[in-house]
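Chains, contacts and geometry: an overview
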Amino acid sequence: MSVYLDHAATTPMVDSAIRAMTEQLGKLGNPSSLHAEGRSGRKDIEEAREQIAALVDCQPSEIIFTGSGTEANNTALKGLYWSRKTAGKNVVVISAIEHHAILDPAQWLHDHEGAEVVTIGVDADGVIDLAQLRELIAIRGNEVAVISIMHANNETGVVQPIAQVVELANAASIPVHSDCVQSFGKVPLSFRELGLTALTLSGHKFGGPLGIGVLVLRRGLEIPALLHGGGQEREIRSGTFNAPAIVAFAAAAQNAVSRMQERNEWMMTLREDFIRGLLADVPDAYINGAMAQERLAGIVNVTFPGTESDTLLLLFDAEGISCSAGSACSAGVQRPSHVLLAMGHDDVSARSSLRFSLGWTTTGEDIDRVLGVLPQVIERARAANLR
Amino acid sequence: MSGGVDSAVAAARAVEAGHDVVGVHLALSSNPQKYRSGARGCCTIEDSHDARRAADVVGIPFYIWDMAEEFHAGVVENFLAEYAAGRTPNPCLRCNEKIKFAAVLDRARAMGFDGVVTGHYAITKEGPMGKTLHRAVDISKDQSYVLGVLTIEQIAGAIFPLGDTPKVDIRKEAAARGLSVANKPDSHDICFVPSGDNAGWLHDRLGSEVGPIVDQNGIQVGQHRGAYTYTIGQRKGLNLSVPTADGSPRFVLKIEPTTNTVVVGSREDLAITTMYGENPVWCGPAVTSMDQRGYVQIRAHGSALACTYRYEKNQLIAVLDEPLLGLATGQAMVIYEGDRVVGSATVCETSA
C-alpha cells in the first residue's frame, strides 16, 4: 500500500472532473467556430466560466483561462509591469517566499526589462513583513508598478495577510496580484472582498486536470499579452479553447469549494494526530510555520535535525511513502528551500526539512503507516548523515 | 549510474541476481553542463537523463545524490595540489577511493543497503582472505588498476557484475535489454575538465608563471608557462630553443615546482628500475619487508611489469626486471599477484 502525502505538488482528480473531462473529450467542434458544434462547445466553456466566477467571487469576464498557473503568474506579473512601466513605475514588489513561477519572471523583468525587484521578507513563522511593505509604499509607492504576494505558501501552508497588503497598496493605487494556487479550495477566497487586481489558480492542485490555469484579472484592465494569436480570452491569452480541461476545472473547483469545510476539519484532525505522533517519536523535530496565525490544514513542513532531506525522501520512497523537500535544480539536485532560508533557517537545517501534504484522499491509516516507519527512517537517515 | 552503458547493464544484472536495487546518479559538479560534448565528461544534465531512462528500463527507483562538495574536496582539490607539487595525479582513482567506495558506500550502508554496484570491469572473489579484487576477463577493458586504491573493507561492499564479460558483449546485451545507451561512446579524459584541455584548465587555476627549461647540466634550453603542465616522459610541446648536438629528441625528466623548473634529457635518462610509493593501501594481507615476486602496473591501461616488491620504512618498493622509460610521481603503483590486486601506493620517488 502506497501512501501519497504530496498533495501540494499535485492531487488526484476528483470523479466529477474526470467525468466532465472525458465527456468533453468526445465532443467535436472548435469553440470559436460559428457552427452548431462550435456553439455547443463554447456554451460549455462559458457555463464553466460562470461557475468558476461564482466560486472565486468575481465576474465571468474577469476569468482568463491559461495553460498553467505558471503562465497565469507570468501573464499577470509581466503584463501589469509593462502596463505601468510607461508611467515611469519600474519597481516590482514580491515576497521572499514566492513560488519560482513568480520569482523567476520577476528576475527576468529585472534582467531584461529594467525592473527593480524589491523583496519583502518574512518572519520566523513565514509571514510577510507588513511593516517593511508599509514603509516601502510610504517612501517609494509612486515608483511601484506591481505587488505580487502569494495567498498561501506552498511549502509551509502559511496564509499571508493579503487583505492588509491590498489595503496598503490601495493607498498608493498599486495593483496587487496574488498567487492563490495553493489556497483555492483550501481556505475561503473572494476576489472581490480581497480587492485584488489579479489572482492565479491552477487546476491540478484541487482535483482538476493538469495543463489548465486561471488568471482572474479585474474587468476593464487591459495588459499586454504573452501569447499572440486568435485573440481568445480578452486578447490577453490566445490559443484554442481547451474545453475538456476547462469544464473539468470547473467541476473540480465546485467539488473543492463545496466540500472545503468538512475536508478541512478531517485533515486538521489527521494533521494534529500526525504532528503529535511525530514529535513523540522525534522529540527534537519541529514544525515550520507552526506559530503562524493561519496555516492550510493539509501541509506539515517539518525539520528533522541531523538528517538530509534527499536521504529521507529515498528511505520513505522505499517504504512506499511519497512526500517532498524544497525544490530540485535543473540537475535534479535538492537545494535548500528558499522559503525556509527566508524564515531564518541555515543551509543545514533547511536541507533537513520535509513537506508532507495531506489531501482529499488521505486516511488515518496513511498517517499511521508514516508514523510506523518514522523512527527507523530517522535513525537510518541520521546514521547516513554522520558518515 | 553515470548515464553510460556499463552502469546501466550492471544495474540490470544486479536486479537479475536478486538484489533489491536503487539507481543513483552522482551530481559531482555544482554547475553542470547541459549537454555532452563528444566523449568528454560524464556528469552533464544529459547524462543524468540517460541514467534516469536506463533506470526506468531496468525498472528500479532512481535518485540523484549531490556529491559536489565531497568531489571537490576529495578529488578536484587533490588534483590541483598534486600538479602544483610537480606530480601527475590520477583523479579517477581518487574518485573511487574517496567518493564511490567511501562517501557513497558509507551513506548507502547507513541507509540499510549492503553495497555499491558499479559498471567497472573487474572481478571479486570470495576466498580465505575475504573478498579480493581481480582483473576482468576482458584485459583491454580491465579496470582493476583504478580500483587498486580500495581496501579490503571497501571491496567487501563492492559488486562488479561486468567483470566476466567482454565489453563488446556488454554493448550487445544493453541493446538486447532495450537500453538506449547501448551505443553511447565511452567517456574519456577527466570528467571535470569538459574541454579536454588539461593544461589550459590548470593554467586558469594555478596561474602561468614563466620559468626555465634546463638540461641536466643546468643550461637553459627553453622556457615554459608553468612547470605543472608537464609530465615526466613528455616529448611533444616543449618548444626548445637550443637543439641537442646530434639532433636527438629530449624528454621531460623532472619537474621542480619550488624553482618552477623543468629538466629535460635524453631517452636513456628516463630509464628507471626502482619505484618507491607512499600511503599504501592493501587489498588483503599487508605486504611485508620480505621480497615477493609479482607485477606492478603504473597506468590505467598500462601493462603488468614483472618485479620484485617489498614494504619497508613506510614505502612500497618495486624493483623492475626490465627498466621502464619515464614514470611520473603521483601515479599509482598497483601490485598484482597473478590477476589479484595485492595493494597500491602513490609513486613518490624513482631511481635508475
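None of these values were measured; they are calculated from a predicted model. Along every chain, residues carry numbers that run from 1 in the direction the sequence is written. Numbering of ligands from 1 and lettering of chains from A proceed in the order in which they are written. Per-residue local features are limited, in this predicted model, to residues with pLDDT of at least 70; the limit for side-chain atom pairs, both in listing and counting, is 80 or more; totals at the level of whole chains, interfaces and linings are taken over all residues.

A word on the overall build of chain B
Numbering goes from the N terminus for both helices and strands, where a helix is a DSSP run of H or I of at least four residues and a strand is a run of E of at least two. A count of helical and extended segments in chain B gives seven helices and 16 strands. Taken over the C-alpha trace, chain B has a radius of gyration of 21 Å; the compact-globule value for 352 residues is 20 Å, and the two agree within 12%. Put simply, 62% of the contacts in chain B that link residues at least 6 apart link residues at least 24 apart. Throughout, radius of gyration means the C-alpha value; the globule benchmark is 2.2 Å times the number of residues raised to the power 0.38. A pair of residues counts as a contact when their C-beta atoms, built from backbone coordinates, are separated by no more than 7 Å.

Digging into the overall build of chain A
The secondary structure content of chain A amounts to 13 helices and 14 strands. What you see for chain A is a C-alpha radius of gyration of 21 Å, in line with the 21 Å of a compact globule of 387 residues. Its C-alpha atoms put chain A at 65 × 55 × 40 Å along the principal axes. When the 387 residues of chain A are sorted by exposure, 51% land in the buried category. The contacts in chain A between residues at least 6 apart in sequence include a share of 74% that link residues at least 24 apart. Exposure is read from a count of other C-beta atoms within 10 Å of each residue's own; the residue is exposed at 12 or fewer, buried at 20 or more and partly exposed in between. C-beta atoms are placed from the backbone.

Things to note about the confidence of the model for chain B
As a note on interpretation, predicted positions should not be read in detail where pLDDT is low. Per-residue pLDDT for chain B has a mean of 91; in total, 96% of the residues score no lower than 70. Here the prediction assigns the complex a pTM of 0.89, and the interface score ipTM is 0.86. Per-residue confidence from the predictor is reported as pLDDT, which spans 0 to 100.

Concerning the environment of M129 of chain B
All names here are of chain B. With respect to the secondary-structure elements, M129 resides in the loop between β4 (122–127) and β5 (130–135). Counting along the chain gives 79 residues from M129 to S208, while the straight-line C-alpha distance between them is 49 Å. Not counting residues within four places of it along the chain, the set of residues in contact with M129 comprises G284 and P285.

As for the packing of helix α3 (residues 69–85) of chain A against helix α4 (residues 100–113) of chain A
Residues and elements named next belong to chain A. Orientation is described by axes fitted as lines to C-alpha atoms, over the contacting stretch for helices, and by angles from 0 to 180 degrees between their N-to-C directions. Where α3 contacts α4, the axes come no closer than 9 Å and their chain directions differ by 35°. Here α3 runs over α4; the crossing is right-handed. Packed against α3, whose contacting residues are G69, T70, N73, N74, L77, K78 and Y81, the element α4 presents A101, I102, P105, A106, L109 and E113 at the interface. Handedness of each helix crossing follows the sense of rotation of the near helix against the far helix: counterclockwise by less than a right angle gives left-handed, clockwise gives right-handed.

Regarding the sheet that holds strand β9 (residues 286–287) of chain A
Residues and elements named next belong to chain A. A strand pair is defined by DSSP finding two or more bridges across the two strands. The sheet built from three strands is open, its strands ordered β9-β10-β14 with antiparallel pairing. In the strand order of this sheet, the two ends are held by β9 and β14 (353–357), each with one partner. Summarising the sheet, strand β10 (residues 299–303) and β14 pair through five bridges and their orientation is antiparallel. Along β14, the bridge assignment pairs N301 with R355.

Details of the interface of chain B and chain A
Taken together, the contacts link 15 residues of chain B with 14 residues of chain A. Listing elements by their share of the side of chain B that touches chain A, those giving two or more residues are α2 (45–58), β2 (62–66) and α4 (91–110) of chain B. Here the residues of the side of chain B that touches chain A sort into 10 nonpolar, two polar and three charged. The classification used treats Ala, Val, Leu, Ile, Met, Phe, Trp, Tyr, Cys and Pro as nonpolar, Asp, Glu, Lys and Arg as charged, and all other residues, Gly among them, as polar.

Overview of the environment of V22 of chain B
All names here are of chain B. In this structure, V22 sits in the loop between α1 (5–16) and β1 (23–27). A residue is classified by how many C-beta atoms lie within 10 Å of it, and V22, with 19 of them, is partly exposed. Leave out the neighbours within four places in its chain, and V22 touches I60, P61 and Y63.

Section: the packing of helix α5 (residues 130–140) of chain A against helix α6 (residues 162–171) of chain A
Residues and elements named next belong to chain A. The N-to-C vectors of α5 and α6 enclose an angle of 10°; their axes lie 10 Å apart at closest approach. The pairing of α5 with α6 is recorded here as roughly parallel in orientation. Within the contact between the two elements, α5 uses L130, L133, R134 and I137 and α6 uses Q164, V165, L168, A169 and A171. A class-by-class count of the residues in the contact of α5 with α6 yields seven nonpolar, one polar and one charged. If an angle is under 35 degrees, it is roughly parallel; if it is over 145, roughly antiparallel; if it lies from 65 to 115, roughly perpendicular; otherwise it is oblique.

Thoughts on the nonpolar core
Residues enter a nonpolar core if they are buried, belong to Ala, Val, Leu, Ile, Met, Phe, Trp, Tyr or Cys, and are joined to the set through C-beta atoms within 7 Å. Ranked by size, the top nonpolar core spans 116 residues in total, and within it V92, V216, I246, F249 and A252 of chain A carry the most contacts. Counting residues per element, this core draws most heavily on helix α8 (residues 243–258) of chain A, which supplies 11 residues. Formed by 96 residues, the second largest nonpolar core is a distinct cluster that contains L28, A136, A174 and I213 of chain B.

Considerations on the sheet that holds strand β9 (residues 251–256) of chain B
Residue and element names in this part refer to chain B. Strand order in this open sheet of four strands is β8-β7-β10-β9, and the pairing throughout is mixed. Unpaired on one side and paired on the other, β8 (220–224) and β9 mark the two borders of the sheet. Ignoring which end each strand starts from, the neighbouring axes of this sheet average 30° apart. Relative to strand β10 (residues 261–265), strand β7 (residues 211–214) is paired through two bridges, and the arrangement is parallel. Paired with V214 across the bridge in β10 is V263.

Points about the environment of R19 of chain A
Take R19 of chain A: it is sitting in helix α1 (residues 15–25). As a C-alpha pair, R19 of chain A and V247 of chain A span 228 residues in sequence and 9.7 Å in three-dimensional space.

So, the pairing of β1 of chain B
Judged by how many residues are buried, β1 of chain B sits mostly within the fold: five of five residues are covered. Of the two faces of β1 of chain B, the one lined by G23, H25 and A27 of chain B and the one lined by V24 and L26 of chain B are each fully buried.

Thoughts on α5 of chain A
All names here are of chain A. Buried residues of α5: L133, L136 and I137, and no others. Axial view of α5: buried residues confined to an arc of 95°, hence all on one face. Within α5, the exposed residues directed more than 90 degrees away from the buried face are A131, E135, A138 and I139. This arc is built from the directions going out from the helix axis to the C-beta atoms.

Some details on the pairing of β7 of chain B
In the case of a regular strand, side chains alternate between the two sheet surfaces. Residues and elements named next belong to chain B. Two elements, β7 and β8, share four bridges in a ladder whose sense is antiparallel. Residue V214 lies in a different strand from β8, and its bridge partner there is Q220. Connecting β7 to the next strand, β8, in antiparallel fashion are five residues, including G218 with a positive phi near 85°.

Comments concerning unusual backbone geometry
Residues other than glycine seldom take positive phi values, yet S173 of chain A does so here, at roughly 55°. Tracing the sequence through the fold places S173 of chain A in the loop between α6 and β6 (176–179). Of note, N279 of chain B is a non-glycine position whose phi angle comes to about 50°, a positive value. Residue placement: N279 of chain B occurs in strand β11 (residues 271–282).

Focus on α3 of chain A
With 17 residues, α3 of chain A extends 24 Å from end C-alpha to end C-alpha; this agrees with the ideal 24 Å at 1.5 Å per step. Across the 17 residues that make up α3 of chain A, a large majority, 13, are buried. To estimate how far a helix should extend, the number of its residues minus one is multiplied by 1.5 Å.

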